[in-house]
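# Residue-level structure breakdown
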Amino acid sequence: GKTARAKEIESEYSALRLTPDEWLLALHGDNLDRPTRQAVRDPIEALQWEVAKRALSIGCNVVQDWGLWSIEERKKYRQEAESLGAKVKIVFLDLPLDELWKRISSRPESQKGTLHIKREELDEWSTRFERPSEEELSEKE
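Description of the structure in this document.

Time to look at helix α6 (residues 119-126). Looking at α6, one finds that the buried residues are E121, L122 and W125. Within α6, the buried residues cover an arc of 100 degrees as seen down the axis, which keeps them to one side. In this structure, the buried residues of α6 make contact with α3 (34-57) and α5 (97-106).

Laid out in structure tokens, this is it:
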């Protein structure tokens, strides 16, 4: 869902797509455990944001293929991007948790290794998600 949509947007808008899982696998392979994975994912996302800001500052389109879970997180990135002159559009894929699990559990990369996800993790993570408001999802002029 999310990365497939990001790829569509990348193509439609000739945008630079930044997907942390791709960088994570390219840099560290497919054998990271959860704590190690998070420890290396944070610096990857920080570096991707620096790349995104540079691209935005020179007028390039950027697709940040991240799961921005909190209102504050989305607000921070929106404000930083807009301060660089970017027009920001948040895309929210709204799926029931069971459908999300069906998709995740059918992906080979989710079954083991670095990108492995357990149902219990998905259930726990879903309790931390802050649904975007209509205002957040509307494009600002």
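Right, let's talk about the pattern of salt bridges for a bit. By the definition in use, this model includes 16 salt bridges. We note a salt bridge from E82 to R78, for which the minimum N-O separation is 3.6 Å. Within this pair, E82 and its partner R78 are both found in helix α4 (residues 71-83), separated by 4 residues, close to a single helical turn. Given the relative accessible area of 31%, E82 is considered partly exposed. A salt bridge links D98 to R119; the nearest nitrogen and oxygen atoms lie 3.0 Å apart. Of the two residues, D98 sits in helix α5 while R119 sits in helix α6, which places them 21 residues apart along the sequence. D98 gets classed as exposed once you look at its relative accessible area, which sits at 55%.

Cut-off values and rules
- Residues numbered from 1 in each chain as written.
- Predicted model: local features only at pLDDT ≥ 70, side-chain atom pairs only at ≥ 80, totals over all residues.
- Heavy atoms only, no water.
- Buried < 20%, exposed > 50% of the residue type's maximum accessible area, 1.4 Å probe, protein only.
- Helix = DSSP H or I, 4+ residues; strand = E, 2+ residues; numbered from the N terminus.
- Arc of directions from axis to C-beta.
- Contact = heavy atoms within 4.5 Å.
- Salt bridge = Lys/Arg side-chain N within 4 Å of Asp/Glu carboxyl O.

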